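If you want the building blocks of each chain, they are given just below.
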Amino acid sequence: MGDSKIQQLIDTLQNPETPIMFRVVVSIILVGIISLAIFVVFRGIFNFFEMAFVEYFKKQQFFTNPYIRTKTLKEEYKSILKNEFDFYNSLKPLKQKHFEHRIQYFIKHWEFIGKDIEITNTMRVKVAATATKLTLGFRDYKIKAVDKVVIYPKKYFSNINKQDHKGEFNMSYKALVFSWEDFEKGYAISNDNLNLGVHECIHAMHITFLKSRRKSTSAAIFLDSFYELTEFIETNVLIKKKLISSGYFRDYAFENQFEFVSVLVENFIETPLEFRAQFPNIYSKVKEMLNFNFAGY
């Protein structure tokens with residue numbers, strides 16, 4: 001609204017002949033305009049200082065959970081979480097409430113599509129819980145590169161590269177695609193550094209953060225930490241050789257940087273103690289990259 005329009009509202013408000021009800025409405029409009037302007041200015045200042053803090057001092061947001069009240073999760077979903085998702089059970093009560101609040105976004109806003117398989121609430125909860133776990137350290141947790149999840153019963157034929165797939169992140173379709181059999185294996189065997197859900201969710205997070213880096217401190221923490229990590233590896237020949245020769249990371253990690261970061265996080269999530277013992281500096285950087293300050297890590 002331009003200055004002339006605002007002035008007209010003020011003049012109308014000051015005119016003694018203006019009806020009382022109309023003056024009340026005008027007052028409400030003016031208060032709304034002023035409040036919105038203050039909010040926009042404050043948010044801009046806040047974002048500026050937080051981004052400067054993250055970039056030049058410490059990779060940490062001023063706060064990550066701006067909730068006055070958290071949404072209550074349906075008992076059916078909570079029961080699935082308790083029975084199927086160990087990470088949730090390891091959280092402190094307050095963090096569990098944050099987890100329950102956030103998981104509802106993915107359950108509600110991601111469309112779940114079954115291909116020759118019926119979508120169940122267990123599927124919804126376990127996929128959404130994977131996304132919630134990986135983003136729990138960030139304020140900006142909504143993985144906006146995804147709006148649907150496609151689930152097949154087993155390996156499926158991908159028209160993208162004409163091969164059988166266990167899973168993928170389809171950027172153009174904004175979809176996470178999983179073989180449910182292989183998704184489940186990722187949690188059934190918790191220490192083999194193979195977790196399909198984690199791997200594909202990290203691809204989607206990576207793309208989301210690349211698109212929002214300039215305005216999101218969550219994206220800045222993730223991407224800048226990963227950049228510093230790759231710089232550290234490239235400038236330390238012995239570390240690089242050990243990474244490749246150790247056998248701890250599967251060969252697929254060295255295909256490209258997108259696969260590298262996804263495999264790094266898979267190993268971090270599945271075998272944190274071994275990761276920290278073999279590669280303490282890299283482990284610390286991945287922990288910083290995810291802002292993952294939770295029990296067991």
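Here the structure is a predicted model, which is why all the values come from computation and not from measurement. (Residues numbered from 1 in each chain as written. Predicted model: local features only at pLDDT ≥ 70, side-chain atom pairs only at ≥ 80, totals over all residues. Heavy atoms only, no water.)

Engineer: Quick one: what's the story with the confidence of the model for the protein, residue by residue and with numbers?
Structural biologist: The predicted model of the protein averages 88 in pLDDT, with 87% of residues at 70 or higher. When pLDDT is averaged over each helix and strand of the protein, the minimum, 58, is found for helix α1 (residues 3–14) and the maximum, 98, for helix α6 (residues 121–135). (pLDDT = per-residue confidence, 0-100. Helix = DSSP H or I, 4+ residues; strand = E, 2+ residues; numbered from the N terminus.)

Engineer: Please provide a residue-by-residue account of the pattern of salt bridges, values included.
Structural biologist: Tallied over the full model, the rule gives 12 salt bridges. When the shortest N-O distance is used, the salt bridge between Asp 224 and Arg 213 registers 3.0 Å. Linking Asp 224 in helix α9 (residues 217–234) with Arg 213 in the loop between α8 (196–212) and α9, this pair joins segments that are 11 residues apart in sequence. One salt bridge connects Glu 234 with Lys 240, and the closest N-O pair in it is separated by 3.2 Å. Residue Lys 240 is classed as partly exposed on the basis of its relative accessible area, which comes to 33%. (Salt bridge = Lys/Arg side-chain N within 4 Å of Asp/Glu carboxyl O. Buried < 20%, exposed > 50% of the residue type's maximum accessible area, 1.4 Å probe, protein only.)

Engineer: Could you give an account of the environment of Lys 92, naming the residues involved and the relevant values?
Structural biologist: Structurally, the position occupied by Lys 92 is in the loop between α4 (86–90) and α5 (93–109). The spatial distance from the C-alpha of Lys 92 to the C-alpha of Ala 295 is 8.7 Å, given a sequence separation of 203 residues.

Engineer: Explain the packing of helix α11 (residues 257–270) against helix α13 (residues 280–290) residue by residue, including any values.
Structural biologist: Axis separation between α11 and α13 bottoms out at 11 Å; the angle between their running directions is 100°. By the angle between their directions, the pair α11 and α13 is classed as roughly perpendicular. Contact residues: Val 261, Leu 264, Val 265 and Phe 268 in α11; Ile 282, Tyr 283, Val 286, Lys 287, Met 289 and Leu 290 in α13. Of the residues belonging to the contact of α11 with α13, the class tally is nine nonpolar, no polar and one charged. (Axes fitted to C-alpha atoms, helices over the stretch in contact; angles between N-to-C directions. Parallel < 35°, antiparallel > 145°, perpendicular 65-115°, else oblique. Contact = heavy atoms within 4.5 Å. Nonpolar A, V, L, I, M, F, W, Y, C, P; charged D, E, K, R; others polar.)

Engineer: Run through the pairing of strand β6 (residues 175–179), naming residues and quoting values.
Structural biologist: The buried count for β6 comes to five of five residues, which makes it a mostly enclosed element. Residues of β6 alternate between two faces, with Ala 175, Val 177 and Ser 179 on one and Leu 176 and Phe 178 on the opposite face, all of them buried. The sheet contact formed by strand β2 (residues 148–152) and β6 spans five bridges and is parallel. Directly across from Val 150, in β6, lies its bridge partner Val 177. Counted between consecutive antiparallel strands, the loop separating strand β5 (residues 167–170) from β6 contains four residues, among which Lys 174 sits at a positive phi close to 55°. (Pairing = 2+ DSSP bridges.)

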